[in-house]
2 protein chains.
Amino acid sequence: MTKTLVSHVGIAVKDLDSAIKSYEILTGSRISEVENVESENVKVAMFSSVGGRIELLAATSEDSPIAKFINNRGEGLHHICIYVDDIESKLRELKKAGIKVIDETYRLGAEGKKIAFVHPQNLNGVLIELEER
Amino acid sequence: MTKTLVSHVGIAVKDLDSAIKSYEILTGSRISEVENVESENVKVAMFSSVGGRIELLAATSEDSPIAKFINNRGEGLHHICIYVDDIESKLRELKKAGIKVIDETYRLGAEGKKIAFVHPQNLNGVLIELEER
């Protein structure tokens with residue numbers, strides 16, 4: 001059976017309210033709410049979907065990874081979040097295959113989900129977030 | 001009812017075979033086949049999913065938009081493809097809202113689907129492909 005691969009695609013933006021307006025027109029859908037993720041100094045707006053959602057991310061401080069990303073590369077596609085069945089096992093499998101991970105073990109993200117980041121270096125320049133189903 | 005927003009996320013890669021291997025490990029799934037899109041000078045490998053799929057894109061010629069993208073920015077996230085109910089109506093709506101489009105009208109993409117590209121300029125640096133459901 002085919003499962004859902006992509007949890008969401010993250011887009012780094014400067015002005016969240018203005019980006020929400022454009023993406024509401026584009027997608028024809030509405031965000032439900034804006035979440036403040038204090039640990040990452042970021043505000044997040046998620047467009048719901050069956051399967052891959054769209055997540056807009058704006059920095060709330062110059063220390064935020066999102067502020068650094070925009071300073072270096074400009075606004076744009078930031079990461080893809082992929083569902084995995086067992087995050088610890090996937091991290092071990094990736095390391096064994098020579099794929100560099102950022103998080104050696106999972107941490108708890110929004111809604112208490114187990115997440116971990118994988119380095120873009122061995123994944124064709126793409127920052128990947130893993131999320132346990 | 002919530003619908004599927006994202007058809008797929010496109011990733012520009014230099015070496016398709018090597019990227020397929022990494023992404024097979026990452027996603028735990030396998031591509032079904034590699035398609036040669038001659039009109040775009042590109043080879044495409046798609047990872048199936050319920051909802052957003054992952055599409056790896058490699059140039060087959062230096063004229064390919066993918067070759068130009070990689071020369072300018074390196075490998076990485078290239079575009080998001082969003083489902084729309086009526087592509088002509090969505091293109092009109094976007095233009096009316098001051099969002100610059102690349103294709104004034106749809107063209108036929110893989111599997112005879114109606115597609116059109118929207119310029120990154122008013123969408124926070126993200127190249128968007130529209131695909132009629």
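Next up on the list: the sheet that holds strand β8 (residues 128-132) of chain B. Strand pairing in a sheet takes place through backbone hydrogen bonds and is either antiparallel or parallel in direction. Residues and elements named next belong to chain B. Strand order across the open sheet formed by eight strands is β2-β3-β4-β1-β5-β8-β7-β6, with mixed pairing between neighbours. Sheet topology places β2 (34-37) and β6 (107-108) at the edges, where each strand pairs with a single neighbour. Sheet topology note: the strand β1 (residues 6-12)/strand β5 (residues 76-84) ladder contains six bridges and is antiparallel. Across the sheet, the residue bridging to A12 is G76, located in β5. Contacts from helix α1 (residues 16-27) reach β1, β2, β3 (42-47) and β4 (53-59), with the element oriented near 10° to β3. Sheet contacts for helix α3 (residues 87-96): β5, β7 (114-118) and β8; angle to β8, the most-contacted strand, approximately 145°.

On to α1(B), then. Residues and elements named next belong to chain B. Helix length check: α1 (twelve residues) gives 16 Å between terminal C-alpha atoms against 16 Å at 1.5 Å per residue, within 8%. Two or three places before D17, at the opening of α1, D15 has a side-chain oxygen 3.2 Å from that residue's backbone nitrogen. Just downstream of α1 lies G28, where phi reads positive at about 70°.

Attention shifts here to the packing of helix α3 (residues 87-96) of chain A against α1(B). Relative to each other, α3(A) and α1(B) sit at 160°, their axes nearing to 9 Å. On the basis of the axis angle, α3(A) is roughly antiparallel to α1(B). The crossing of α3(A) and α1(B) is right-handed. Here α3(A) contributes K90(A), E93(A) and L94(A) to the contact with α1(B), which in turn contributes I25(B), L26(B) and T27(B). Here the residues of the contact of α3(A) with α1(B) sort into three nonpolar, one polar and two charged.

So, about the confidence of the model for chain A. Mean pLDDT for chain A: 92, with 99% of residues reaching 70 or above. Among the prediction metrics, the complex's ipTM stands at 0.91, with pTM recorded as 0.92.

Attention now moves to the sheet that holds strand β4 (residues 53-59) of chain A. What the eight strands build is an open sheet, ordered β2-β3-β4-β1-β5-β8-β7-β6 (chain A); its pairing is mixed. On the outer flanks of this sheet lie β2 (34-37) and β6 (107-108) of chain A, each paired with one strand and no other.

Residues and elements named next belong to chain B. Looking at chain direction, β2 and β3 are connected through four bridges and run antiparallel. Note that in β3 the partner of V34 across the bridge is A45. The loop that links β2 with its antiparallel partner β3 comprises four residues; one of these, N41, has a positive phi angle of about 50°.

A few words now on the side chain of R53(B). Mapped onto the secondary structure, R53(B) falls in strand β4. Buried charge R53(B) goes without a salt bridge, the closest partner of opposite sign being E131(B) at 4.3 Å. Looking at R53(B), its side chain comes within polar contact range of the side chain of S7(B), at 2.8 Å. Aside from chain neighbours lying at most four places away, what touches R53(B) is V6(A), S7(B), H8(B), V9(B), M46(B), F47(B), S48(B), Y83(B) and E131(B).

Contacts between chain A and chain B engage 46 residues on the former and 46 residues on the latter. Summing both partners gives a buried area of about 3500 Å² for chain A against chain B, and 68% of it is carried by carbon and sulfur. The interface formed by chain A and chain B includes zero salt bridges. If you look at where chain A meets chain B, you find twelve residue pairs in polar contact (both at pLDDT 80 or more). Those elements giving two or more residues to the side of chain A that touches chain B turn out to be β1 (6-12), α1 (16-27), β4, β5 (76-84), α3 and β8 (128-132) of chain A. Examining the composition of the side of chain A that touches chain B, we find that seven residues originate from one element, β5(A), more than from any other.

Conventions we followed
- Residues numbered from 1 in each chain as written.
- Chains lettered and ligands numbered in written order.
- Predicted model: local features only at pLDDT ≥ 70, side-chain atom pairs only at ≥ 80, totals over all residues.
- Heavy atoms only, no water.
- Pairing = 2+ DSSP bridges.
- Helix = DSSP H or I, 4+ residues; strand = E, 2+ residues; numbered from the N terminus.
- Contact = heavy atoms within 4.5 Å.
- Axes fitted to C-alpha atoms, helices over the stretch in contact; angles between N-to-C directions.
- Expected span 1.5 Å × (residues − 1).
- Polar contact = N/O pair within 3.5 Å; in protein donor to acceptor, adjacent residues only side chain to side chain.
- Parallel < 35°, antiparallel > 145°, perpendicular 65-115°, else oblique.
- Left-handed = near helix turned anticlockwise from the far one by under 90°.
- Nonpolar A, V, L, I, M, F, W, Y, C, P; charged D, E, K, R; others polar.
- pLDDT = per-residue confidence, 0-100.
- Buried < 20%, exposed > 50% of the residue type's maximum accessible area, 1.4 Å probe, protein only.
- Lys, Arg positive; Asp, Glu negative; His and termini not counted.
- Salt bridge = Lys/Arg side-chain N within 4 Å of Asp/Glu carboxyl O.
- Buried area = accessible area lost by both parts, 1.4 Å probe.

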